[in-house]
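# Survey of secondary and tertiary structure
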Amino acid sequence: MTEKRYVYADNAATTRVLPQILEAMTPYYLEEFGNASSGLYSYGQRARAALEDARARCAKMLGCDAEELYFTSGGTESDNWAILGALRAKKDKKHVISSSIEHPAVRNTLLRLEKEEGYEITWLPVYEEGIVRVEDLEAALRDDTALVCVMYANNEIGTIQPIRELAAIAHAKKVPFFCDAVQAVGHVDLDLHELGVDLLSLSGHKLHTPKGIGALYIKKGMWIKNLIEGGGQEKRKRSGTENVAGAVALATALEYMCGEEGKRERERILALRETLIDGLLEIPHVRLNGDRTRRLPGNVNVSCRFIEGEGLIMWLDLMGVAASTGSACSTASLDPSHVLLAIGLPHEIAHGSLRLTLDVDNTEEDVEFILDAVKKTLERLRAMSPLCQE
Amino acid sequence: MYSEKVMDHFQNPRNVGTIADANGVGEVGNAKCGDIMKIFLKIEDDVIVDVKFQTFGCGAAIATSSMATELIKGKPISEALTLTNKAVVEALDGLPPVKLHCSVLAEEAVKSAIADYYTKIGREIDFDLGCGGCCDHCDHH
Ligand SMILES: Cc1ncc(COP(=O)(O)O)c(C=O)c1O
């Protein structure tokens, strides 16, 4: 028997470390392992040089200055730092505007501020297409608005928000703008100077670095409080011994994903996405969630009626496909994902959601394989569903 | 996360389907919460001679329905009524705590089907049906 085929289609959850990225970072584990803050001897100096070189390379790919980038442990830390740091720097204002589809790293941080520190949060609607409207932000801004946080691209339905327009509206009222771009960086064209946001978070493991490296962009002139205190690394703004290997990995990943080859890959992945969506929509009682065009090149999210997502994911795994769902049963709570509810799906349809996220490793054959697996799985689960009368 | 038994019943569920001439049918749960179980019984001389189920729900919901039908097949009604959610969980070698409500639903589905049979033959229902998913079970469990 041939080896069982398995297709990884959950790249929004995390990605494979690419060999060239692992290769670029390995010397900073095995040979140049010095502490970048031990500047009195050569090991430390070389580690520092590597760190600053990585920062400059990242900045170049993102369209910002190296001084505006701070390395962190990942997206969650960057999100927490941006929000808590910005709000604590501006204690007199207690109103925050965000979208109703933010990642828990933003959403739960804001919910806690609402519960424990007297903040008032306005959650902008996203409508059926899963996109915030500029006029809603305009109407929501108040004199006591301290911050606007809207994500660049949603992690579940992949929809891309009009960040540049939203940031301009916030700035017209002199309100700073934070954007969680964890799902977007490396997957869409993004130039920080053009974008005009004040704070932006990103995470390496969504673009083929190991887990545990990320960054926060803090625009020149924007001042936020520290989240993590300690030895004063990262220009006294983010303490903790620098992750030099991680920074090198992030720089290498950004150069690949935002470079010529990465851009060509995006076109290829987008074509795969379209084939996958077309194929899925041919199956009865399947609908696409989120706007079809204003979405990440690799994101597919559909709802399959009459079935529940956890069983779907478990069956797909047995068939050889890794995917994810916004169904409640995949989490500790019994409510389906807030994102699917925010685009107006009734609970029972939200329970049957399926997210497939494609990336550089995926091929046309993968798409065919996924379609076949989804068809067979749905047939099977629907055959045992009391809701399905066919 | 799931035991081998649960995975086995999820992959090879026993007694899936419907019974055209069932004389006891019970349905519990609701789609909003993400699980519905429907049980069909064919009862002769107070013995469950055949049982089938349909389930909309997660892996644990499918496995608990399958196991519950196995545990009552061929049994007298009196015995089927003593089936507890705990017995279903034990027979499956355990369930994660967040999935325990699925076993409660399985027990209630069996009772609800037997109650339907009692109603059909004009016998008084002398056992507790549980909430059968009629309560706010999304928040309840
Ligand atoms: C939009 C978004 N923000 C934040 C995060 C958290 O990033 P990390 O896993 O690096 O902490 C994720 C990852 O799932 C994400 O998709």
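Predicted model only: the values in this text are computed from it and were never measured.

The helix and strand inventory of chain A stands at 15 helices and twelve strands. The C-alpha atoms of chain A give a radius of gyration of 22 Å, which matches the 21 Å a tight globule of 390 residues would have. Across its three principal directions, the C-alpha atoms of chain A cover 70 × 55 × 35 Å. In chain A, which comprises 390 residues, the proportion classed as buried is 59%. Counting contacts in chain A only where the partners sit at least 6 residues apart, residues at least 24 apart contribute 72% of the total. Of the roughly 15,900 Å² of accessible surface on chain A, 52% is carried by carbon and sulfur atoms. Charged side chains in chain A number 45 positive and 58 negative. The centres of these two groups are separated by 4 Å.

Turning to the packing of aromatic side chains, a few remarks are in order. Scanning all chains against the criterion turns up five aromatic pairs over all chains. Ring geometry for Trp315(A) and Phe10(B): centres 5.9 Å apart, planes at 45 degrees, overall tilted. Here the residue Trp315(A) occupies a position in helix H12 (residues 309-319), and Phe10(B) occupies one in helix H1 (residues 4-11), the pair thus bridging two chains. Each member of the pair, Trp315(A) as well as Phe10(B), is classed as buried.

Residues and elements named next belong to chain B. An order of E1-E2-E3 is seen for the three strands of this open sheet, with the pairing classed as antiparallel. A strand with exactly one partner marks an edge of an open sheet, and here the two such strands are strand E1 (24-30) and strand E3 (47-56). Across this sheet, the average inter-strand angle for adjacent strands is 15 degrees, counted without regard to direction. Examined bridge by bridge, E1 and strand E2 (residues 35-44) share seven bridges and lie antiparallel to one another. Bridge pairing links glycine 24 to leucine 41 in E2. Packing of helix H5 (residues 100-121) onto the sheet brings it into contact with E1 and E2, and relative to E1 it is tilted by some 145 degrees.

Calculation criteria
- Residues numbered from 1 in each chain as written.
- Chains lettered and ligands numbered in written order.
- Predicted model: local features only at pLDDT ≥ 70, side-chain atom pairs only at ≥ 80, totals over all residues.
- Heavy atoms only, no water.
- Helix = DSSP H or I, 4+ residues; strand = E, 2+ residues; numbered from the N terminus.
- Rg over C-alpha atoms; globule rule 2.2 N^0.38 Å.
- Buried < 20%, exposed > 50% of the residue type's maximum accessible area, 1.4 Å probe, protein only.
- Contact = heavy atoms within 4.5 Å.
- Areas by Shrake-Rupley, 256 points an atom, 1.4 Å probe, with all protein chains shown as cover.
- Lys, Arg positive; Asp, Glu negative; His and termini not counted.
- Charge placed at Lys NZ, Arg CZ, Asp CG, Glu CD.
- Phe/Tyr/Trp six-rings, centres within 6.5 Å; stacked < 30°, edge-to-face > 60°.
- Pairing = 2+ DSSP bridges.
- Axes fitted to C-alpha atoms, helices over the stretch in contact; angles between N-to-C directions.

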